[in-house]
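Examination of the molecular architecture
This is what each chain is made of:
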Amino acid sequence: ETGVTQTPRHLVMGMTNKKSLKCEQHLGHNAMYWYKQSAKKPLELMFVYNFKEQTENNSVPSRFSPECPNSSHLFLHLHTLQPEDSALYLCASSQDRISNQPQHFGDGTRLSIL
Amino acid sequence: AQTVTQSQPEMSVQEAETVTLSCTYDTSESNYYLFWYKQPPSRQMILVIRQEAYKQQNATENRFSVNFQKAAKSFSLKISDSQLGDTAMYFCAFMNLLQGAQKLVFGQGTRLTINP
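Read on for a plain summary of the structure. (Residues numbered from 1 in each chain as written. Chains lettered and ligands numbered in written order. Predicted model: local features only at pLDDT ≥ 70, side-chain atom pairs only at ≥ 80, totals over all residues. Heavy atoms only, no water.)

So, the overall build of chain A
As a reminder of what qualifies: Only DSSP runs of H or I reaching four residues or more are called helices, and only runs of E reaching two or more are called strands; each is numbered from the N terminus. Within these notes, the globule rule equals 2.2 Å times the number of residues to the 0.38 power, and the radius of gyration is based on C-alpha atoms. Relative accessible area decides the class of each residue, using a 1.4 Å probe on protein chains only: under 20% of the type maximum gives buried, over 50% gives exposed, and in between gives partly exposed. Residue contacts follow a heavy-atom distance rule, with two residues in contact if any of their heavy atoms lie within 4.5 Å. Residue exposure ignores everything except the shown protein chains as possible cover, and the areas themselves are Shrake-Rupley values with a 1.4 Å probe. In this count, Lys and Arg are taken as positive residues and Asp and Glu as negative ones, while His and the chain termini are left out. Think of each charge as sitting on NZ of Lys, CZ of Arg, CG of Asp or CD of Glu.
Summing up its helical and strand segments, chain A has zero helices and 11 strands in all. Beginning at the N terminus, the succession of helices and strands in chain A can be written as β-β-β-β-β-β-β-β-β-β-β. Whereas a compact globule of 114 residues would reach a radius of gyration of roughly 13 Å, chain A reaches 13 Å, a difference of no more than 12%. Principal-axis analysis of the C-alpha atoms places the extent of chain A at approximately 40 × 30 × 25 Å. Relative to its full complement of 114 residues, chain A shows a buried share of 49%. Contacts in chain A between residues far apart in sequence, at least 24 positions, make up 53% of those at least 6 positions apart. In the structure as shown, chain A presents an accessible area of about 5400 Å², 48% of it carried by carbon and sulfur atoms. Averaging the positions of the 11 positive and the 10 negative side-chain charges in chain A gives two centres separated by 7 Å.

Let's talk about unusual backbone geometry
With an omega of -5°, the peptide bond between Thr 7 of chain A and Pro 8 of chain A qualifies as cis. Relative to the elements of secondary structure, Pro 8 of chain A occurs in the loop between β1 (4-7) and β2 (10-13). Phi is positive for Ala 16 of chain B, close to 80°, though the residue is something other than glycine. Of note, Ala 16 of chain B is situated in the loop between β2 (10-14) and β3 (19-21). Although it is not a glycine, Asn 62 of chain B sits at a positive phi angle of roughly 55°. Here Asn 62 of chain B is to be found in the loop between β7 (60-61) and β8 (64-69).

A word on the interface of chain B and chain A
The line we're drawing: Buried area: the accessible surface (1.4 Å probe) lost by two parts on joining, summed over both. Distance and chemistry together define a polar contact, namely a pair of N or O atoms within 3.5 Å, with one atom able to donate a hydrogen and the other to accept it when in protein, and with adjacent residues in sequence counting only for side-chain atoms on both sides.
Contacts between the two partners involve 21 residues from chain B and, on the opposite side, 23 residues from chain A. Buried area between chain B and chain A, both sides added, is near 1800 Å², and the carbon and sulfur share of it is 49%. When the buried area of chain B at its contact with chain A is split by residue, Gln 44, Gln 102 and Phe 106 of chain B rank highest and sum to 32% of it. Where chain B touches chain A, the interface holds four residue pairs in polar contact (both at pLDDT 80 or more). With four residues, the top contributor of residues to the side of chain B that touches chain A is strand β5 (residues 33-39) of chain B.

A look at the packing of aromatic side chains
Aromatic rings in a pair are described by how distant their centres are and how their planes are angled relative to each other. Our working definition: For Phe, Tyr and Trp, rings pair up if their centres lie within 6.5 Å, where Trp contributes its six-membered ring, and each pair is then called stacked (planes under 30 degrees apart), edge-to-face (over 60) or tilted (otherwise).
Going through the model one piece at a time under the given rule, you end up with 14 aromatic pairs over all chains. For the pair Tyr 37 of chain B and Phe 106 of chain B, a centre-to-centre distance of 6.0 Å together with 50° between the ring planes defines the contact as tilted. With Tyr 37 of chain B in strand β5 and Phe 106 of chain B in strand β11 (residues 103-106), this pair connects stretches of sequence that are 69 residues apart. In this structure, Tyr 37 of chain B and Phe 106 of chain B share a single accessibility class: buried. Put simply, the rings of Tyr 33, Tyr 35 and Phe 105 of chain A together with Phe 35, Tyr 37, Phe 91 and Phe 106 of chain B pair up and form one aromatic cluster.

Examining the sheet that holds strand β7 (residues 64-70) of chain A
Residue and element names in this part refer to chain A. Filter applied, for reference: For two strands to be treated as a pair, DSSP must find at least two bridges joining them. Angles here are taken between N-to-C directions and fall from 0 to 180 degrees, while the axes themselves are lines fitted to C-alpha atoms, restricted in helices to the stretch in contact.
The four strands lie next to each other as β1-β3-β8-β7, forming an open sheet whose pairing is antiparallel. Each having just a single partner strand, β1 and β7 make up the two edges of the open sheet. Adjacent strand axes in the sheet meet at a mean angle of 20°, parallel and antiparallel pairs treated alike. One ladder, built from five bridges, connects β7 with strand β8 (residues 73-79); its direction is antiparallel.

Structure, rendered in structure tokens:
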């Protein structure tokens, strides 16, 4: 059983739709992350949250809007996405953002933009 | 900026064989951490093994071990007695904390297939 749960597992949406990805961690961690995994490319860090505060935005387009209401939950709100945004979106958590402890990943949401 | 390179996009070996996955990285830092993550098909990414750069001894976790060559900036993963369940994408990752944030930099990945 994973300590990091992502929903939905799969999402197909049109470019004009608005949807949200959800991530929940049950590990008592204080830092959470969003990554984008595209085919044949390294994982790309998108956002970092530590104690609900955003500490990193890796030049992500504004059509991706993260939200972290508490240390256990992380959302990624999507609107007017482009076909190149189709990818696997991974959520991860760690003890905190300055810890040397490894990150734990969820199963990801496979996003397809029509 | 740190970079991580995995030069083997795909590898395939027979069950019970030993396989080594290569990883090189580039950094000017002296204190950092290195990880190997495994991502089985349609399953979550899990940590396989980690290495602290200040430790000279190579990390070992059961059948998994690393060959860490700090001067050469090389961090290879050796899987002994490979099993069918080892089939997965393997990612090498670099992390330092000097920027006040735990930022992982990943390589492109190696797709490993263990054949029966």
